[in-house]
Amino acid sequence: MNTITVKLRSLREHPAQMRTEMDPEEMARLVLQVYVRGLDEHQPIVAAENGDGAYRVISGHRRWLAALLAEKVKARLDGRKDGADLDFARQVVSESAARPTEVEVCVFCQELLEETQNGEGWCPHCESWVEVCVEPRKVPSPSALPEAYDRLTEQHGGVEVTIALFEGGEKEEILALQAANFGQETPDLLGQAKSYAAAMKAGATADEIVANTGQSVSRVKAVMALSKVPESLAQAVAAGEVALGVAAAVARLRKKVQREGMTRYVLEQDVTVEGAQQIASVLRKWQPPSVSLDLETTPKERNQARLLAALWNKVTKEDPARTWYAAACSIATRQIRLSYLGVEGDERELLYQLVPEARCENCRLRELLQAAPMFSYPCYPCQQVEEPGVCFAGVFDRDPFYVQVPFGWEGYPGVQRTPRTPACLSPEEFEQALEAATAEREEEGGDTERDGNSVNLSEVEYSLPRVTKVENVAAQRALIRSYMEQHGEMSGARHPLATRCENCRYRLDGSPTQNPTVPPCQWAARRRNVEFRVRVPVEDESEGPEIPLCRQFGPACSWNDIVPEHPSPPRVPRAWMVGVMKEMVEAVERRKAAASDSRLACEILTGRPLKASESHKGWFLEGLRNEIGNLSDGQLWMLVMWVTADWMRDEKGRYLLPLADGRVLRYAERAWQPPAESDRDGESG
């Protein structure tokens, strides 16, 4: 390469320069070296002609800046060599790299504090803990040094230096620049990203950059991602606050607004690289919320979708990135919350304001429900007030007719068995079911029971024999009432496997009959066999809670709301977990069928039928197919443990259960006993 002599003011920073930060300490050492010895002639600055009389630096950006700073040292010392030392060079570099910022100093001597905590800091000058004072100062910043070229060139750019002229095209220039920068001091991430992007624009391939810089393919591609993500995320990666792999996952999103939304999410949450990759993979295929008119969709789900779609469109107009932030949140948690969209308030009020077509005056159920005053549907406000506004259970003009009815209505004319619950699929069917239910109530005749017994419930409530088999409907109802009153006081009532009445779909707001003394449970509507049990630790285990178990329990919510997260699930394929559960559940069902036993695996998630003639074989596997998309890996692993416990119970009578405190204890079951009259008297005394 040919060499020429030019003035420092003729040099320009290369557009693909890789260093957006320079270490002030290392620069001070280089400045002192250049001041004492000058620039080495055997290692000149390499530059290419710019076409306007200037030269863009390819190799030697740090030496160029050091030469400018050395001239500043020379001006301060009038060229004297004896006054130059490392401390003086540090002072000059610090002045050039200083940025105004707020710092914590000693309230007495104004020295910088070494450590701060609880409003106090350690002052090395006072050698004591002192009160913290915050004041603005100019502090050296690694990113401020590269910004000092123009200012220093105006002051000291007249000095001449020897440079070597580069021969080659734009692509060769950038590749040479990158190779020169990966030497003793690796350039910062943002500088690398900027340079790689310039090289690609000039026609270089990723493979050429890899060969030129000595970096791995995955490393180069991950760094290149920083040029595609929002600046806030790139800065967080450069500062070491976010992993580079997270930024690479964000960069793979196609739309800028998607990248902005996911950036908000990863900056707020502690996201792993694997988690970011999973979210980005789903987000690339994400479709905005829409309204499904499929029959499998319940009215509540459909109207919630209407609200969410309206909110999504509203927020998209105001802040598009927030909708993709909400999408990232929903993918991570498997559930969209309105707060993700920045909307707070009552959901019904939002539905009324944003989805006017879903108001009660447009509902096809309103007249039917108002004609059935003896049946209470708390989710339908049209039965509660004369002028309702809106509800999530409404069925509107284009919607398929779908009305969920109580499980006790199974077998009535017009009631269909759907994958979720009994339901009526047309207005005519719903009217037939209402007529049948009304006729049965009239037949029951208030206090008169089907078996001919007329019993005062208060007389038998605490005088039942201590067994769970019931002889008549009054005893059955007394047993149900006793369980409903007592189970919440048991030590394990808050265990996820505890069957609490408030979470049961058979729990009613009032009596299922016209007799107000009948407990508010659908199973108390007529004579049925009921069974209550208690899960208890076996004798050789340490103390553990007693967990109530009502075999009549049917969950009123999704599995996602019942099954807790396992704190540390193993990394096993989901398909394997599903396969294991399928084998164990089918084994339990085969064994129970041979023994004519009606109890199957995980009834807490499926419930069991109200009608004795109906089998619930296969309900668990059917429910698993419907719910698995809403369960995380941790929840699925917890479900494996529950199914294993039921399999062990069926096989050996004893089984292992995980507790909230991390322990796993061996449990067995016994019949639940209502309190005896003497026990009741003892408590009251």
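What counts as what
Residues numbered from 1 in each chain as written. Predicted model: local features only at pLDDT ≥ 70, side-chain atom pairs only at ≥ 80, totals over all residues. Heavy atoms only, no water. Helix = DSSP H or I, 4+ residues; strand = E, 2+ residues; numbered from the N terminus. Buried < 20%, exposed > 50% of the residue type's maximum accessible area, 1.4 Å probe, protein only. Areas by Shrake-Rupley, 256 points an atom, 1.4 Å probe, with all protein chains shown as cover. Pairing = 2+ DSSP bridges. pLDDT = per-residue confidence, 0-100. Contact = heavy atoms within 4.5 Å. Phe/Tyr/Trp six-rings, centres within 6.5 Å; stacked < 30°, edge-to-face > 60°. Arc of directions from axis to C-beta. Salt bridge = Lys/Arg side-chain N within 4 Å of Asp/Glu carboxyl O. Disulfide = S-S within 2.5 Å. Core = buried A, V, L, I, M, F, W, Y, C linked by side-chain atoms within 4.5 Å. Axes fitted to C-alpha atoms, helices over the stretch in contact; angles between N-to-C directions. Polar contact = N/O pair within 3.5 Å; in protein donor to acceptor, adjacent residues only side chain to side chain. Expected span 1.5 Å × (residues − 1). Parallel < 35°, antiparallel > 145°, perpendicular 65-115°, else oblique. Left-handed = near helix turned anticlockwise from the far one by under 90°. Nonpolar A, V, L, I, M, F, W, Y, C, P; charged D, E, K, R; others polar.

Draft legend 1. Spatial organisation of the overall build of the protein chain. Per the secondary structure count, the protein chain includes 25 helices and 16 strands. By the burial criterion, 49% of the 685 residues in the protein chain qualify as buried. Accessible area of the protein chain: about 34400 Å², with a carbon and sulfur share of 46%.

Draft legend 2. Representation of the pairing of strand β14 (residues 547–550). Burial along β14 is two-sided: Ile547 and Leu549 facing one way and Pro548 and Cys550 facing the other are all buried. As judged from the four bridges shared by strand β13 (residues 532–537) and β14, these two strands associate in the antiparallel manner. Its bridge partner being in β14, Arg533 is matched across the sheet by Leu549.

Draft legend 3. Local environment of the confidence of the model for the protein chain. With 81% of its residues at a pLDDT of 70 or more, the protein chain shows a mean pLDDT of 78. Segment residues 677–685 is flagged for pLDDT under 50; beyond a separation of four residues in sequence, or across chains, it makes five contacts in the model.

Draft legend 4. Structural view of the packing of aromatic side chains. Enumeration according to the criterion identifies six aromatic pairs in this entry. Here the aromatic cluster, defined as three or more aromatic residues joined through ring pairs, consists of Tyr483, Phe532 and Trp672.

Draft legend 5. How the structure looks around helix α3 (residues 86–96). For α3, the full list of buried residues reads Leu86, Phe88, Ala89, Val92, Val93 and Ser96. One face of α3 carries all of its buried residues, which in axial projection span an arc of 160°.

Draft legend 6. Inspection of the pattern of salt bridges at higher detail. Tallied over the full model, the rule gives 22 salt bridges. With a closest N to O distance of 2.7 Å, Arg90 and Asp87 form a salt bridge. Taken together, the residues span about one helical turn, with Arg90 and Asp87 both in helix α3 at a distance of three residues. For Asp87, a relative accessible area of 52% corresponds to the exposed category. For Arg494, the salt bridge goes to Glu502, with nearest N and O atoms at 3.6 Å. When its relative accessible area of 64% is taken as the criterion, Arg494 is described as exposed. What makes Glu502 partly exposed here is its relative accessible area of 47%. Here the salt bridges do not stand alone but share partners, grouping Glu531, Arg533, Arg535, Arg551, Glu603, Asp646, Arg649 and Glu669 into one network.

Draft legend 7. Quick peek at the state of the cysteines. Tallying each qualifying case throughout the model produces zero disulfides. The closest cysteine sulfur to the non-disulfide-bonded Cys521 is located on Cys504, 6.2 Å from its own sulfur. Owing to a relative accessible area of 12%, Cys521 belongs among the buried residues under this scheme.

Draft legend 8. Expanded view of the nonpolar core. Core analysis: the biggest nonpolar cluster contains 86 residues, and Leu226, Met262, Trp409 and Phe430 have the highest contact counts within it. With 52 residues, the next largest nonpolar core counts Val530, Trp559, Leu631 and Trp642 among its residues.

Draft legend 9. Representation of the environment of Lys194 in the model. By secondary structure assignment, the location of Lys194 is in helix α6 (residues 189–201). The spacing of Lys194 and Leu226 is 32 residues in sequence and 8.3 Å in space, taken between C-alpha atoms. Non-local contacts of Lys194, meaning those with residues more than four positions away in its chain, are made with Glu13, Pro15 and Gln17.

Draft legend 10. Just the sheet that holds strand β9 (residues 160–165), in detail. With respect to topology, five strands assemble into an open sheet ordered β1-β9-β3-β4-β2, the strand pairing being mixed. Edge positions in the sheet fall to β1 (3–7) and β2 (11–12), since each has one partner strand and no second. Looking at chain direction, β2 and strand β4 (residues 55–59) are connected through two bridges and run parallel. Bridge pairing in β4 links Arg12 to Arg56. Across the sheet, helix α2 (residues 61–77) is in contact with β2, β3 (45–49) and β4; its angle to β4 comes to roughly 120°. Sitting on the sheet, helix α5 (residues 170–181) touches β3 and β4, and the angle it makes with β4 is about 45°.

Draft legend 11. Quick look at the side chain of Gln17. Its place among the elements puts Gln17 in the loop between β2 and α1 (24–37). Exposure remark for Gln17: the relative accessible area of 0% places this residue in the buried category. Reaching out from Gln17, the side chain makes a polar contact with the side chain of His61 at a distance of 3.4 Å. Filtering out sequence-adjacent residues up to four positions away, Gln17 remains in contact with Met22, His61, Tyr149, Leu177, Asn181, Gly191 and Lys194.

Draft legend 12. Structural view of helix α19 (residues 473–486). Over its 14 residues, α19 runs 20 Å from end to end, which matches the ideal 20 Å to within 8%, given 1.5 Å per residue. Counting buried residues in α19 gives 13 out of 14 residues, a clear majority hidden from the surface.

Draft legend 13. The environment of Leu39, seen in detail. Structurally, the position occupied by Leu39 is in the loop between α1 and β3. Remark: the alpha-carbon pair of Leu39 and Trp64, spanning 25 residues in sequence, is separated by 9.0 Å. With residues near it in sequence (within four places) discarded, Leu39 still touches Val34, Ile45, Arg63, Ala67 and Val161.

Draft legend 14. A look at the packing of α2 against helix α4 (residues 149–156). One way to put it is that α2 packs onto α4 with a least axis distance of 10 Å and a crossing angle of 45°. Taken together, the axis directions place α2 and α4 in an arrangement best described as oblique. Where α2 crosses over α4, the handedness of that crossing is left-handed. Listed contacts from α4 to His61, Arg62, Trp64, Leu65, Leu68, Leu69, Glu71, Lys72 and Ala75 of α2 are Tyr149, Leu152, Thr153 and His156. Considering only residue class, the contact of α2 with α4 consists of seven nonpolar, three polar and three charged.

Draft legend 15. Examining the sheet that holds strand β15 (residues 655–658) more closely. One open sheet accounts for four strands, arranged β14-β13-β16-β15; its pairing is antiparallel. The outermost strands of the open sheet, each flanked by one partner alone, are β14 and β15. Across the sheet, the mean angle separating the axes of adjacent strands is 40° when strand polarity is ignored. Pairing of β13 with strand β16 (residues 664–671) involves five bridges; the strand directions are antiparallel.

Draft legend 16. Here's a closer look at the environment of Ala47. Its place among the elements puts Ala47 in strand β3. Taking the relative accessible area as the measure of exposure, Ala47 reaches 0% and is therefore buried. C-alpha of Ala47 to C-alpha of Val57: the two residues are ten residues apart in sequence and 4.3 Å apart in space. Here Ala47 is in contact with Tyr55, Arg56, Val57, Ile58, Ile163, Ala164, Leu165 and Phe166, once residues within four sequence places are set aside.

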